[in-house]
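# Observations on chain architecture
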Amino acid sequence: MSFWESMWSIVVAFFFVAYLILLFQILSDLFRDRELGGFAKAAWIFFLFIAPFITALVYIIARGGGMAARSEARVREEAEATDSYVRRIAGTASPAQQIESARSLLADGSITESEFDRLKSMALSA
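Residues numbered from 1 in each chain as written. Predicted model: local features only at pLDDT ≥ 70, side-chain atom pairs only at ≥ 80, totals over all residues. Heavy atoms only, no water.

## Considering the nonpolar core
Rule in force here: Take the buried Ala, Val, Leu, Ile, Met, Phe, Trp, Tyr and Cys residues and link them wherever side-chain atoms come within 4.5 Å; each set so joined is a nonpolar core. Partly exposed describes any residue whose relative accessible area lies between the buried limit of under 20% and the exposed limit of over 50%, with all areas from a 1.4 Å probe on protein chains only and scaled to the type maximum. Put simply, DSSP marks the helices as runs of H or I at least four residues long and the strands as runs of E at least two long, and each gets a number from the N terminus on. We call two residues contacting when some pair of their heavy atoms lies within 4.5 Å.
Judged by nonpolar contacts, Tyr 19, Leu 23, Ile 26, Leu 30, Leu 36, Trp 44, Ile 45, Leu 48, Ala 56, Tyr 59 and Met 67 together constitute the single largest core of 11 residues. Per-element accounting of this core gives the leading share, four residues, to helix 1 (residues 3–32). Ignoring anything within four residues of it in the chain, the contact list for Ile 45 reads Leu 27, Leu 30 and Phe 31. In terms of nonpolar packing, the next biggest core, distinct from the first, is built from five residues, Ile 99, Ala 102, Ile 111 and Ala 123 among them.

In C-alpha cells:
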C-alpha cells in the first residue's frame, strides 16, 4: 500500500466516522423531539436508510436550529435535576436551625463554648 493510498484510507475512515456521529445525533434528536409525531419520525428514519447522505443533509438544513435548541434544553433540564437532587440530599438548614443544633450540642456538652461561638458565626455568615 502506497503513502497516498494510506492517506486516502485515513480520509475515508474519518468521513465515515463523522457520518456515523452525525447519524447518531440525528437519531437521538428524532427520539428526543416531543413535538414531532410518530409517523414523521418513522419517515425520517426510513429515508435515512434509503438515501442516507441526502436525508442527513436535508435534516440538518431543515431542523438544525431545533436540534441545538433541544440539546440545550436537555442540558438545562439535566443541570436543574442535578441541582435539585444535590439540594435535596444536602438538606441545607437555615441559620436559625444550625444555631439551634449547635446550642443543643453545647447543652449536651458535646462542644465547648468557643466551638459554639465558631459554629454560630459560621451559620450567620452563610
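## Quick word on helix 3 (residues 52–90)
Our working rule: Expected span, for any helix, means 1.5 Å times one less than how many residues it has. One axis fitted to the seven residues ending at a residue, another fitted to the seven starting there: the angle between these axes is the bend at that residue.
Compared with the 57 Å implied by 1.5 Å per residue over 39 residues, the 48 Å span of helix 3 between its first and last C-alpha is markedly short. Of all the bends in helix 3, the largest measures some 70 degrees and sits at Arg 63. For helix 3, the full list of buried residues reads Thr 55, Ala 56, Tyr 59, Arg 63, Met 67 and Arg 70.

## Considerations on the packing of aromatic side chains
Stated precisely, the cut-off is as follows: Between rings of Phe, Tyr and Trp, where Trp is taken as its six-membered ring, a pair exists when centres lie within 6.5 Å; planes separated by under 30 degrees are stacked, by over 60 edge-to-face, and by other angles tilted.
Applying the stated criterion across every chain yields a total of five aromatic pairs. Between Tyr 19 and Phe 53, the aromatic rings sit 4.8 Å apart at their centres with planes inclined by 50 degrees, giving tilted as the arrangement. Linking Tyr 19 in helix 1 with Phe 53 in helix 3, this pair joins segments that are 34 residues apart in sequence. We classify Tyr 19 as buried; its relative accessible area is 14%. On the numbers, 4.9 Å between centres and 90 degrees between planes, the contact of Trp 44 with Tyr 59 is edge-to-face. Taken together, the positions of Trp 44 in helix 2 (residues 38–50) and Tyr 59 in helix 3 put the pair 15 residues apart, joining distant regions of the chain. Exposure class is identical for Trp 44 and Tyr 59. Each is buried.

## Focus on a nonpolar patch on the surface
Which entries qualify depends on this criterion: Each patch groups residues whose relative accessible area exceeds 30% and which form no salt bridge, using 9 Å between like charges and 5 Å between nonpolar side chains of Val, Leu, Ile, Met, Phe, Trp and Tyr. Each accessible area is a Shrake-Rupley result for a 1.4 Å probe, and residues are judged covered by the shown protein chains and nothing else. Whenever Lys or Arg places a side-chain nitrogen within 4 Å of a carboxyl oxygen from Asp or Glu, that contact is recorded as a salt bridge.
Together, Trp 8, Val 11, Val 12, Phe 14 and Phe 15 give the surface a local cluster of nonpolar side chains, amounting to about 560 Å² of exposed area. Here Val 12 lies in helix 1.

## Some details on the pattern of salt bridges
Applying the stated criterion across every chain yields a total of five salt bridges. For the salt bridge of Asp 29 with Arg 70, the shortest nitrogen-to-oxygen distance reads 2.7 Å. Of this pair, Asp 29 sits in helix 1 while Arg 70 sits in helix 3; the two residues are 41 residues apart in sequence, bridging distant segments of the chain. Judged on exposure class, the residue Asp 29 and its partner Arg 70 are both buried. Measuring nitrogen to oxygen at the nearest pair gives 3.8 Å for the salt bridge that ties Asp 33 to Arg 70. On the criterion of sequence distance, the pair formed by Asp 33 in the loop between helix 1 and helix 2 and Arg 70 in helix 3 is long-range, its members being 37 residues apart. The exposure class of Asp 33 is buried, given its relative accessible area of 5%.

Remember, this is a structural readout, not a statement about activity or role.
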